[in-house]
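Okay, here's what each chain looks like letter by letter:
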Amino acid sequence: CIRDRYCYYVAGTVGHLLTDLWHEHSPLIGKKTYERLLEDAEAFGEALQTVNILKDVAWDAQQEDAVYVPAQLLAAAGSSQEHILDPHQRAANRRAIEPLIALAQANVERSLRYIEAIPAAAFRIRLFCVFPILFAIATLREIASTDVMFVPGESVKISRDEVKAIIVAASTSALTNLTLRRLADRIRKKPFVFPGR
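Predicted model only: the values in this text are computed from it and were never measured.

As a further point, take the packing of helix 6 (residues 90-116) against helix 9 (residues 177-189). How two helices pack is summed up by the angle between their axes together with the distance between the axes. Contact pair helix 6 / helix 9: the axes reach a minimum separation of 10 Å and the direction vectors enclose 155°. Here helix 9 runs roughly antiparallel to helix 6, going by the angle between their axes. Crossing of helix 6 against helix 9: the hand is right-handed. Facing helix 6, whose interface residues are Val108, Glu109, Leu112, Arg113, Ile115 and Glu116, helix 9 presents Asn177, Leu180, Arg181, Ala184 and Arg188. When the residues that make up the contact of helix 6 with helix 9 are grouped by side-chain class, the tally is 5 nonpolar, 1 polar and 5 charged.

In structure tokens form, the structure reads like this:
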């Protein structure tokens, strides 16, 4: 599929590149860990790219004159790339992106496994990977409950308060796989903000 090839070349390759860098420059990423990371390296990059495609449908269509939702998915739902921002086609367009949401969720899960394979001692590498994946989880949560990505001039965003809270919480939660999973699960359910925000 064209979308899969696009995501691989703009993002999946980045996952491979980062993994090669970790292995080349960190003594903590040995051969066994490197081989394990390669299993999910593509998914790590592609998860982020797919979430970007989903949250920026209107922006891409208006600013780049590009629609990254595959024509086949739109046609199967009763719409087309030409009608991606048509308010009368919103329900059909919503149905069309459901497979992309499921793909992004699957790749996020593989991305978490990728991070879990990074030794805790390689904390800076883990943290580098954790932040964007947690932001992606929060964004997918919002995508699941809104159609704003189909509204001209709009994009799906998480709040600044949530961004700040995730940064603070991830700085300690990334230390272990258990606390990372707990934080990811918490973010999936509802906006993650500190009390009083």
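On to the packing of helix 8 (residues 160-173) against helix 9, then. Where helix 8 contacts helix 9, the two axes come as close as 9 Å, and the packing angle between them is 160°. The angle between helix 8 and helix 9 falls in the class roughly antiparallel. Our pair here, helix 8 against helix 9, has a crossing hand that is right-handed. Side by side, helix 8 and helix 9 meet where Glu162, Ile166, Ala169, Ala170, Thr172 and Ser173 of the first sit next to Thr179, Leu180, Leu183 and Ile187 of the second. Partitioning the contact of helix 8 with helix 9 into residue classes produces 6 nonpolar, 3 polar and 1 charged.

Thresholds, definitions, all that
- Residues numbered from 1 in each chain as written.
- Predicted model: local features only at pLDDT ≥ 70, side-chain atom pairs only at ≥ 80, totals over all residues.
- Heavy atoms only, no water.
- Axes fitted to C-alpha atoms, helices over the stretch in contact; angles between N-to-C directions.
- Helix = DSSP H or I, 4+ residues; strand = E, 2+ residues; numbered from the N terminus.
- Parallel < 35°, antiparallel > 145°, perpendicular 65-115°, else oblique.
- Left-handed = near helix turned anticlockwise from the far one by under 90°.
- Contact = heavy atoms within 4.5 Å.
- Nonpolar A, V, L, I, M, F, W, Y, C, P; charged D, E, K, R; others polar.

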